[in-house]
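Here are the chains, one letter per residue:
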Amino acid sequence: MIQETLSQKINHIADLIRQTQHTVAFTGAGISTESGIPDFRSPDSGLWRNVDPMTVASIFGFKRDPKAFYDWVAPLTRTTINAAPNPSHIALAEMEQRGHLDGIITQNIDMLHTRAGSKTVFELHGHMREATCINCFKVYDGKPILEKFLEDSKVPTCETCNGVLKPNVILFGEQLPVREFQGAQDAARKCDLMIIIGSSLEVEPAGELPRLAYRTGAKLVIVNLEPTSADKLAEVVIHARAAEILPAIVRQLETN
Ligand code: APR
């Protein structure tokens, strides 16, 4: 296959989007690094380079030592609360508004897609909008709980039963939210084109959805700094920064 130039690849992606009835985006932490939020597996900056995710970010680890989770997640929480959507999030929101995108399947908990204006977002790994008591399941507004933790570094507890509060993010070992995951599976099956942005595709079951889309007839486009295991299945692969590529795709869609 002849080697397309970057602009030929961007034109190719815009053509695929125009020709497609149903396009879905699939995003990972890499789409938010340009909002200042570190991802998990980038070689020199990923969050998992210094800690064992199973210790700090599994439901077993959380129940054993919730303080270790909160101490680990504190800097990420501070960064997330202060982060703003970047041109990638905004480009996807614009594509949805113009009818070029049915929705977004995201593994991210940072809520930047909805804050950028995207309406149909399947948050497979939850979000920080709420926190739930792991004892009596009472639900709390997440922001004040997290801000209070950032102030006093105390593990948040339930005012009713004194149980530990956990942000509504999905930890390793937890079930994905059923409605979100089924909605994402339906979107993956129905789409003719899936644009995968900023994900290593290393975590199941989320990482399986691009292959599900491919098996049910969708074409794949991948925009990711590092190679992924799905590159060989993709129609177009661009190893570059999402915040450079996605706005260029939206500009190309506007030209004709
Ligand atoms: N533009 C494009 N790609 C980028 C950018 C960028 N600006 N920055 C980073 N990337 C790429 C990295 O090269 C990497 O391949 O994004 C990918 C991010 O991969 P991960 O860090 O593994 O993040 P993700 O795929 O979302 O992880 C999935 O793992 O630990 C769990 O629950 C956590 O939701 C997370 C899941």
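What counts as what
Residues numbered from 1 in each chain as written. Predicted model: local features only at pLDDT ≥ 70, side-chain atom pairs only at ≥ 80, totals over all residues. Heavy atoms only, no water. Disulfide = S-S within 2.5 Å. Axes fitted to C-alpha atoms, helices over the stretch in contact; angles between N-to-C directions. Helix = DSSP H or I, 4+ residues; strand = E, 2+ residues; numbered from the N terminus. Parallel < 35°, antiparallel > 145°, perpendicular 65-115°, else oblique. Left-handed = near helix turned anticlockwise from the far one by under 90°. Contact = heavy atoms within 4.5 Å. Nonpolar A, V, L, I, M, F, W, Y, C, P; charged D, E, K, R; others polar. Buried < 20%, exposed > 50% of the residue type's maximum accessible area, 1.4 Å probe, protein only. Pairing = 2+ DSSP bridges.

Chemist: Just to check I follow, could you spell out the state of the cysteines for this structure?
Modeler: In the structure shown here, the tally under the stated rule is zero disulfides. In this structure Cys-136 is not part of a disulfide, and its nearest cysteine sulfur, from Cys-158, lies 3.7 Å away.

Chemist: What should I look at first to understand the packing of helix H5 (residues 87-97) against helix H10 (residues 242-255) in this one?
Modeler: Think of two packed helices as two axes; the pair is described by the angle between the axes and how far apart they sit. Close contact between H5 and H10 brings their axes to 8 Å; oriented N to C, the two are set at 25 degrees. Looking at the two axes, H5 sits roughly parallel to H10. When the axes of H5 and H10 are compared, the crossing they make is left-handed. Where H5 abuts H10, its residues Pro-87, Ser-88, Ala-91, Leu-92, Glu-94 and Met-95 lie against Ala-242, Ala-243, Leu-246, Pro-247, Val-250 and Leu-253. Taken together, the residues of the contact of H5 with H10 break down into 10 nonpolar, one polar and one charged.

Chemist: What is the right way to read the environment of Ala-248 from this model?
Modeler: Relative to the helices and strands, Ala-248 resides in helix H10. Remark: the alpha-carbon pair of Ala-248 and Ser-153, spanning 95 residues in sequence, is separated by 42 Å.

Chemist: Explanation requested: the pairing of strand E4 (residues 126-133) in the structure shown.
Modeler: Within a regular strand, the side chains alternate between the two sheet faces. The buried fraction of E4 is high, at six of eight residues. In this sheet, strand E6 (residues 165-169) lies alongside E4 in antiparallel orientation, the contact comprising four bridges. Bridged to Ala-131 within E6 is Pro-167. Two strands pair when backbone bridges link them, and E4 and strand E5 (residues 139-141) are joined in this way by three bridges, in the antiparallel orientation. If you follow Ala-131 over to E5, its bridge partner there is Tyr-140.

Chemist: Explanation requested: the sheet that holds E5 in the structure shown.
Modeler: Paired through backbone hydrogen bonds, the strands of a sheet run either parallel or antiparallel to each other. The three strands are arranged E5-E4-E6 in an open sheet whose pairing can be described as antiparallel. Lying at the two open borders of the sheet, with one neighbouring strand each, are E5 and E6. Taking each pair of neighbouring strands and ignoring which way they run, the sheet shows an average axis angle of 40 degrees. On top of the sheet, helix H4 (residues 66-82) reaches E4 and E6; it is set at about 50 degrees to E6, its chief contact. Strands in contact with helix H7 (residues 142-152) are E4, E5 and E6; relative to E4, the strand with the most contacts, it is inclined by about 80 degrees.

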